[in-house]
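Structural features, examined
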Amino acid sequence: MEILEYGFMQRALLASLMVGLVAPAVGIFLVQRRLSLLGDGLGHVALTGVAIGVLTSTAPVGAALVAAVLGAVLIELVRARGRTSGDVALAVLFYGGIAGGVVLLSLAPRGSATNLDAYLFGAITTTSAEDLAVFAAITLAVLAVVGLLGQRLYAVSDDEEYARAVGLPVLALNIVLAALVASTVVLSMRVVGLLLISALMIVPSAVAQLVARSFRQALYLACGIGLVVSVSGTTASYYTGTPSGGTIVLLAIAVFLVVAAAVALREATARRRHRRRGDVHAAHPHEHGPGCGHQAVPHGDHVDYDHDGHLHAPHLTGTGVHYDEHGTDAAPADRPATEGAR
Amino acid sequence: MTARSPGDVAVRLHDASIGYDDVPIVARVDLTVRHGEAIAVLGSNGSGKTTLARGLLGLAPVLGGDVEILGAPVGRLRDPGRIGYVPQRHTVSGAVPATVREVVSVGRLARLGLFRRLRAADRVAVGEAVAAVGLADRMEEPIASLSGGQQRRVLVARALAAQPELLIMDEPTAGVDAASQDALAEVLARVSAAGTTLLVVTHETGPLASVLARAVVVDQGRISYDGPLAGAASGSGEHHCGPVADAGRPGYRLDQPTVTARPVRSLGGGR
């Protein structure tokens, strides 16, 4: 592969691999918490950190990390104090962050690395070996924390009020999550850019949400999708000469649209089949009930009736009794109780 | 110290005011609930009964007086996970799919501190809690595939999984079909018999009336009745909190904690 002959592309692909894996692993908790745009806001805040780093000639990545983590902690404290002013406080922080970054960068002396575009939209091919070492450390740290605290983060993201009521350390866990987001933002800054970071955190999770059955499944699926779109987007950008960040995000959105369409199609088909069977039984004079002659099969919260080898679940609709088909479409392993009760 | 014996105080409110933004919704209330009691907190919409429960859980700030729960001021409980909570929501809300097992496992986490993982014993407790609400065969299914009543039962199982000493439920029967209400009454009878203290906030007790011996009626932020459930609710289990003039509200305090049943005024019980 020609693409792997260049050192800068090797580093770019390694960076995109790490980002693709980490961003959805953190982003899925934001999706669950319905706080999808937190990553976007922290990206804004990180820009001020970058500018301070450039102005003081310290490493912009380190300064961005400090700024984003501080911003994240501040946001959680504002959120914890009450809701009335929280929304506005967040907006002030976010836009203050990006405005501060732009103004501070403009003050930097000529000749310093002040390419705003590189931070806003990513410049993956400028990834240095030192950057990679920092990225690897952030990746390991984030994945370790998600591995260790993932179940608690899920609990707090799923039902914060319940978590607080039973005594989970909600504020601490929220700060941990916000710090994870901040770290991910800084990690992704070079690959997708500060303005597009949120997309890589959210879109793979949105795809996983459409097809997964469990949270764990969704987490792994989101990471897998993130990894694939990140690496393939970076590869594609090499051949097309387009910016890596935009290419990756467009690819992720394309995956989302295809999966969403497929799921919608599947549901429409299932609904149509449901209606067709409903029609058959609308003309079917027999009404299932206790002692109707068909074997009653308990199924979850209701009783199905074994009707010539397929299961009928009666339910009342506005127009009369309607029969759902239960247990003919699913594989036997999928419905152990139904099969066991037969 | 988690050792307890029946008769010890599980919940104590003394001259307690609870509300939001410094506006008390529950004002200067006294209430003592002993371990092992099963108590209904009744009241019409807006009476403050939910705020009372949220104050016990640390979800609404205590603005004055003392609120102690399991022997410690609210929010200072040493061992988390001793309180079970079933919120008022009908459904599980998360945006990302989760299985019954995943949601109910959360109930176990508070007992484990910040880092300990679920062990075999925890998984057994989760399994038992799900079985108790009759959903054992739905364990690995996404919550979203369950009916509303079943989702409520998942939330009950989540609370039971912690094997709590005190179980607080907010409107557990609202919007739940009759069969599920009966099933819930059965579960609560078992839990209560095992020694768990129950505090159920509800505007109608329905089938739960067989489990809940004592009732407290909250009216306009004050406790207007404290005594046997039969004295607060009519035969149908419907509770009506009429606009009975009760200017002084004499003696709504429980000055003698040993007396757990003390009718303050009759609420249509004599009709």
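As a reminder, the structure under discussion sits directly above these lines.
Okay, so let's go over this structure. (Residues numbered from 1 in each chain as written. Chains lettered and ligands numbered in written order. Predicted model: local features only at pLDDT ≥ 70, side-chain atom pairs only at ≥ 80, totals over all residues. Heavy atoms only, no water.)

A short note on the overall build of chain A
As a reminder of what qualifies: A run of H or I in DSSP becomes a helix once it reaches four residues, and a run of E becomes a strand once it reaches two; helices and strands are each numbered from the N terminus. Throughout, exposure labels follow a simple rule: accessible area from a 1.4 Å probe, protein chains only, divided by the maximum for the residue type, with under 20% read as buried, over 50% as exposed, and the rest as partly exposed. Two residues form a contact once any of their heavy atoms are found within 4.5 Å. With residues, only the protein chains shown are counted as cover, and all accessible areas are computed by Shrake-Rupley using a 1.4 Å probe.
Looking only at helices and strands, one finds 12 helices and four strands in chain A. Burial analysis of chain A (342 residues in total) assigns 46% to the buried set. For chain A, the proportion of contacts with a sequence separation of at least 24, taken over those separated by at least 6, is 69%. Within the structure as shown, chain A displays about 15,800 Å² of accessible surface, and the carbon and sulfur contribution to it stands at 64%.

Let's talk about the overall build of chain B
On a plain count of helices and strands, chain B comes out with six helices and 10 strands. Going through the 271 residues of chain B one by one, you find that 54% of them count as buried. Across chain B, the fraction of contacts at a sequence separation of at least 24, relative to all contacts at a separation of at least 6, is 70%. Accessible area for chain B stands at about 11,100 Å²; split by element, carbon and sulfur atoms hold 52% of it.

Topic: the packing of aromatic side chains
The geometry of an aromatic ring pair is captured by the separation of the ring centres together with the interplanar angle, meaning the angle of the planes. Inclusion rule: Between rings of Phe, Tyr and Trp, where Trp is taken as its six-membered ring, a pair exists when centres lie within 6.5 Å; planes separated by under 30 degrees are stacked, by over 60 edge-to-face, and by other angles tilted. We call a charge positioned above a ring when the Lys NZ or Arg CZ atom is no farther than 6 Å from the ring centre and deviates by at most 35 degrees from the ring normal.
Tallied over the entire structure, the rule returns five aromatic pairs over all chains. Relative to F215(A), the ring of Y154(A) lies with its centre 4.6 Å away and its plane at 50 degrees, an arrangement referred to as tilted. Here the residue Y154(A) occupies a position in helix α6 (residues 129-158), and F215(A) occupies one in helix α10 (residues 215-240), the gap between them amounting to 61 residues. Three or more aromatic residues joined by ring pairs form one cluster here, namely Y6(A), F8(A), Y238(A) and Y239(A). One cation-aromatic arrangement involves R158(B) over Y162(A); the distance from NZ or CZ to the ring centre is 3.6 Å.

What about the pairing of strand β9 (residues 214-219) of chain B?
All names here are of chain B. Quick reminder of the rule: Note: two strands are recorded as paired if DSSP finds a minimum of 2 bridges between them.
Burial analysis of β9 places six of its six residues in the buried class, which makes it a mostly covered element. As paired elements, strand β3 (residues 38-42) and β9 share four bridges and run parallel to each other. In the sheet register, I39 faces β9, and the bridge partner there is R214. Taken together, the six bridges between β9 and strand β10 (residues 222-228) define a ladder with antiparallel strand orientation. Pairing of V217 across the sheet is with Y225, part of β10. Counting the residues in the hairpin turn of β9 and β10 gives two residues, including Q220, whose phi is positive at 50 degrees.

Considering a positive patch on the surface
Residue and element names in this part refer to chain A. Stated precisely, the cut-off is as follows: Like charges are joined within 9 Å and nonpolar side chains (Val, Leu, Ile, Met, Phe, Trp, Tyr) within 5 Å, but only among residues with over 30% relative accessible area and no salt bridge; these make up the patches. The salt bridge definition used is simple: a Lys or Arg side-chain nitrogen within 4 Å of an Asp or Glu carboxyl oxygen. The convention is simple: Lys and Arg are positive, Asp and Glu are negative, and His and the chain ends are not counted. The location of each charge is read from NZ of Lys, CZ of Arg, CG of Asp or CD of Glu.
Positive charge collects at one region of the surface, where R271, R272, R275 and R276 lie side by side. Among the structural elements, R272 can be located in helix α11 (residues 244-282). Owing to a relative accessible area of 46%, R272 belongs among the partly exposed residues under this scheme.

What about a nonpolar patch on the surface?
Residues L55(A), V103(A) and L107(A) make up a contiguous nonpolar surface patch of roughly 260 Å² in combined accessible area. Examined against the element boundaries, L55(A) turns out to sit in helix α2 (residues 38-55).

Quick notes on the sheet that holds β3(B)
Residue and element names in this part refer to chain B. The cut-off we apply is this: Only C-alpha atoms enter the line fits that serve as axes; for helices the fit covers just the stretch in contact. Angles between N-to-C directions range over 0 to 180 degrees.
Read across the sheet, six strands follow the order β6-β7-β8-β3-β9-β10 without closing on themselves; strand pairing throughout is mixed. Where the open sheet ends on each side, the last strands, each with one partner, are β6 (83-86) and β10. Pairs of neighbouring strands in the sheet enclose a mean axial angle of 15 degrees, with direction left out of account. Summarising the sheet, strand β7 (residues 166-170) and strand β8 (residues 197-202) pair through five bridges and their orientation is parallel. Note that in β8 the partner of L166 across the bridge is T197. In the packing of helix α1 (residues 49-56) onto the sheet, contacts are made with β3, β6, β7, β8 and β9, and the angle to β8 comes to roughly 145 degrees.

Things to note about the pairing of β6(B)
All names here are of chain B. Here β6 shows no split at all, with I83 and Y85 on one side and G84 and V86 on the other all buried. Across four bridges, β6 lies against β7 in parallel orientation. Bridged to V86 within β7 is M169.

Focus: the interface of chain B and chain A
Selection rule: Any pair of N or O atoms that falls within 3.5 Å is considered a polar contact. Within protein, one atom must be able to donate a hydrogen and the other to accept it, and sequence-neighbouring residues count only if both atoms are side-chain atoms. Nonpolar residues are Ala, Val, Leu, Ile, Met, Phe, Trp, Tyr, Cys and Pro. Charged residues are Asp, Glu, Lys and Arg, and all others, Gly as well, are polar.
On the side of chain A, 33 residues touch chain B, which itself brings 41 residues to the contact. One can count two salt bridges joining chain B with chain A. The salt bridge involving R158(B) is made with D159(A); its shortest N-O contact spans 3.0 Å. If you look at where chain B meets chain A, you find 11 residue pairs in polar contact (both at pLDDT 80 or more). Looking at the side of chain B that touches chain A, the elements with two or more residues in it are β6, α2 (100-109) and α4 (148-161) of chain B. Considering every element that reaches the side of chain B that touches chain A, the biggest residue donor is α2(B), with six residues. Considered class by class, the residues forming the side of chain B that touches chain A number 21 nonpolar, 10 polar and 10 charged.

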